[in-house]
Amino acid sequence: MLFHTGVLRRLCQTRWLQQADRISSVSGGSMTAAILALAWSKVTTSSDPDDAFVEQVEAPIRALAARTIDRSAVVSGLLSPFSSIGEEVEGELRRHLLGTATLADLPAKPVFVFNATNTGSGKLVRFTHDGVADWRVGRNLDPTVRLSAAVAASAAFPPFLSPFRLAMDEAAWVDDNGNHLDPRTYRDEFALTDGGVYDNLGLETAWNGTRLKALPDRDQERLINWGYAIADAGLRAHIDHNLRAPIGYPYARGVS
């Protein structure tokens, strides 16, 4: 979540982010992508995109990173007869980051794709502005699916935060070629887990597992700096050879 905040900040600062056609995310990166999606027009139309990014994207992400979400969600989900662990996580995302936003609130361009893994079909589930899709099951064009639900599903880290169960609108289904799984069995509810289960970069092992645990400011700043530096190196090496090096990291304290 924080690493990719740094990546996106450098891309935004150099105005390469504004040229994106598609932004696809899994796992904790979906939290960053979601708040970016909701702030897209403010960030990309600002006369100072760097300041706008910090205010509209980085600040709320850091506020979320300062909270420990998973411990309370696990305890509440295990003890409550009315909600699951996944629902508790979604509630935290709704209260502290995404509000009542739905898939319909995502910008039409660029296309934001939030990826989760469908434990029923064994394939990827895509949440976009146009709805929810699994190529083996079909497309559900319900625009009222909460963005917090899409992110909670994408970031449902196993074993404790998954599966995230999502009831689907029966009337919104569209059939496509290849939807060969029985709709009576697979379309009423999805049991979803982290998108990284199906397609991941494999960074979790470096941190001995994934947590939604509060991080101190120093660690947050180091992670954002790391993403920022990697994005800058990639831009100047492969995309824009005339791009000037930044004058420094976003957070000087996070260098050491």
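Calculation notes
Going along each chain's sequence as written, the residues are numbered from 1 onward. Given that the model is predicted, a residue must reach a pLDDT of at least 70 before its local features are reported, and side-chain atom pairs must reach 80 or more before they are shown or counted; all residues, however, enter totals for whole chains, interfaces and linings. Side-chain metrics rest on all non-hydrogen atoms present in the structure, leaving aside hydrogens and water. Helix numbering and strand numbering both begin at the N terminus, where a helix is a DSSP run of H or I of at least 4 residues and a strand a DSSP run of E of at least 2. To estimate the expected span of a helix, count its residues, drop one, and scale the result by 1.5 Å. A residue's bend is given by the angle between axes fitted to the 7 residues ending at it and the 7 residues starting at it. Partly exposed residues are those whose accessible area sits between 20% and 50% of the maximum for their type, while under 20% is buried and over 50% is exposed, using a 1.4 Å probe and protein chains only. What makes two residues a contact is simply this: any of their non-hydrogen atoms within 4.5 Å. Buried residues of nine kinds, namely Ala, Val, Leu, Ile, Met, Phe, Trp, Tyr and Cys, make up a nonpolar core once their side-chain atoms join them within 4.5 Å. Here, axes are lines fitted to C-alpha atoms. For helices the fit covers the stretch in contact, and angles between N-to-C directions go from 0 to 180 degrees. Small angles under 35 degrees read as roughly parallel and large ones over 145 as roughly antiparallel, with 65 to 115 read as roughly perpendicular and the rest as oblique. By the definition used in this description, the sense in which the near helix is turned from the far one sets the handedness, with an anticlockwise turn below a right angle giving left-handed and a clockwise turn giving right-handed. Under the scheme applied here, ten amino acids are nonpolar (Ala, Val, Leu, Ile, Met, Phe, Trp, Tyr, Cys and Pro), four are charged (Asp, Glu, Lys and Arg), and all others, including Gly, are polar. Just to be clear on terms, a salt bridge is a Lys or Arg side-chain nitrogen sitting within 4 Å of an Asp or Glu carboxyl oxygen. Any two of the Phe, Tyr and Trp rings considered here, Trp counted by its six-membered ring, make a pair once their centres fall within 6.5 Å; the pair's planes then place it as stacked at under 30 degrees, edge-to-face at over 60, or tilted in between. Distance and angle both matter: a charge sits over a ring if NZ of Lys or CZ of Arg is within 6 Å of the ring centre and within 35 degrees of the ring normal. Here the positive residues are Lys and Arg and the negative ones are Asp and Glu; neither His nor the chain ends is included. We define a polar contact as two N or O atoms separated by no more than 3.5 Å, with the added condition that, inside protein, one atom must be a possible hydrogen donor and the other a possible acceptor, whereas residues neighbouring each other in sequence contribute only through side-chain atom pairs.

Engineer: Could you give me a rundown of helix α2 (residues 29–44), with the residues and numbers involved?
Structural biologist: In a regular helix each residue adds 1.5 Å, so 16 residues correspond to 22 Å; α2 covers only 20 Å between its end C-alpha atoms and thus falls short of that length. When the local axis directions of α2 are compared, the greatest deviation, roughly 55 degrees, occurs at Leu-38. Among the 16 residues that make up α2, 12 are buried, leaving the element largely enclosed by the rest of the structure. Within the sequence span of α2, burial applies to Gly-29, Ser-30, Met-31, Thr-32, Ala-33, Ala-34, Ile-35, Leu-36, Ala-37, Ala-39, Trp-40 and Val-43. Tucked inside the fold, the buried residues of α2 contact α1 (2–13), β1 (22–25), α3 (49–65), α5 (85–98), β2 (111–118) and α6 (147–154).

Engineer: Describe the environment of Lys-109, naming the residues involved and giving the relevant values.
Structural biologist: Turning to its location among the elements, Lys-109 is positioned in the loop between α5 and β2. Considered as a pair, Lys-109 and Ser-46 are 63 residues apart in the sequence and their alpha carbons are 17 Å apart. Excluding residues that lie within four positions of it along the chain, Lys-109 makes contacts with Asp-21 and Trp-40.

Engineer: Give me the lowdown on the nonpolar core, citing residues and values where you can.
Structural biologist: By size, the foremost hydrophobic cluster in this structure holds 56 residues, and its most contacted members are Leu-36, Phe-114, Phe-127 and Leu-147. Among the elements that take part in this core, α2 stands out by supplying nine residues, more than any other. If near-sequence neighbours (up to four positions away) are discounted, Phe-114 is found in contact with Ser-25, Ser-30, Ala-33, Ala-34, Leu-106, Val-125, Arg-126, Phe-127, Leu-147 and Val-151.

Engineer: I'd like a rundown of the packing of α1 against α2, residues and numbers included.
Structural biologist: Any two packed helices are characterised by the angle at which their axes cross and by the distance between the axes. It is the contact of α1 with α2, at a shortest axis distance of 11 Å, that shows an interaxial angle of 20 degrees. Relative to α2, the element α1 lies roughly parallel. The two elements α1 and α2 meet at a crossing, and its hand is right-handed. For the pair α1 and α2, contact is made by His-4, Thr-5, Leu-8 and Cys-12 and by Thr-32, Leu-36 and Val-43, respectively. A per-class count over the contact of α1 with α2 returns four nonpolar, three polar and no charged.

Engineer: Go over the pattern of salt bridges with me, naming the residues and quoting the values.
Structural biologist: By the definition in use, this model includes 16 salt bridges. Of the charged contacts in the structure, one is a salt bridge between Arg-165 and Glu-189, with a shortest N-O distance of 3.5 Å. Note that Arg-165 is positioned in strand β6 (residues 164–167) and Glu-189 in strand β8 (residues 189–194), a separation of 24 residues in sequence. Note that Arg-187 and Asp-175 form a salt bridge whose closest N and O atoms lie 2.5 Å from each other.

Engineer: Mind laying out the packing of aromatic side chains, listing which residues take part and the relevant values?
Structural biologist: Under the defined criterion, the tally for this structure stands at three aromatic pairs. Where Phe-3 meets Trp-226, the ring centres are 4.7 Å apart and the plane angle is 70 degrees; that geometry is what we call edge-to-face. Here Phe-3 is found in helix α1, whereas its partner Trp-226 is found in helix α8 (residues 217–239), with 223 residues between them in sequence. With a centroid separation of 5.9 Å and an interplanar angle of 80 degrees, the aromatic rings of Trp-40 and Phe-112 are classed as edge-to-face. Separated by 72 residues along the polypeptide, Trp-40 in helix α2 and Phe-112 in strand β2 bring together distant segments of the chain. According to the relative accessible area criterion, Phe-112 is buried, its value standing at 1%. When the ring centre of Tyr-251 is taken as reference, the NZ or CZ atom of Arg-9 above it lies at 6.0 Å. Directly above the aromatic system of Tyr-251 lies the positively charged group of Arg-62, at a separation of 5.0 Å from the ring centroid.

Engineer: How would you summarise unusual backbone geometry if you had to cite specific residues and measurements?
Structural biologist: Residue Pro-158 is joined to Pro-159 through a cis peptide bond whose omega torsion reads 5 degrees. Topologically, Pro-159 is positioned in the loop between α6 and β6. In this chain, Ser-162 is followed by Pro-163 through a cis amide linkage whose omega measures 5 degrees. Here Pro-163 lies in the loop between α6 and β6. Of note, Arg-15 is a non-glycine position whose phi angle comes to about 65 degrees, a positive value.

Engineer: An account of the side chain of Arg-136 is requested, with residue identities and associated values reported.
Structural biologist: For Arg-136, the location among the structural elements is in the loop between β4 (131–134) and β5 (138–140). No salt bridge forms around the buried Arg-136; measuring N to O, its nearest opposite-charge neighbour Asp-134 is 6.0 Å away. Here Ser-121 takes part through its backbone oxygen, which lies 2.6 Å from a polar atom of the side chain of Arg-136. In this view, Arg-136 contacts Ser-121, Lys-123, Gly-178, Asn-179, His-180 and Leu-181; residues no more than four positions away in its chain are not counted.

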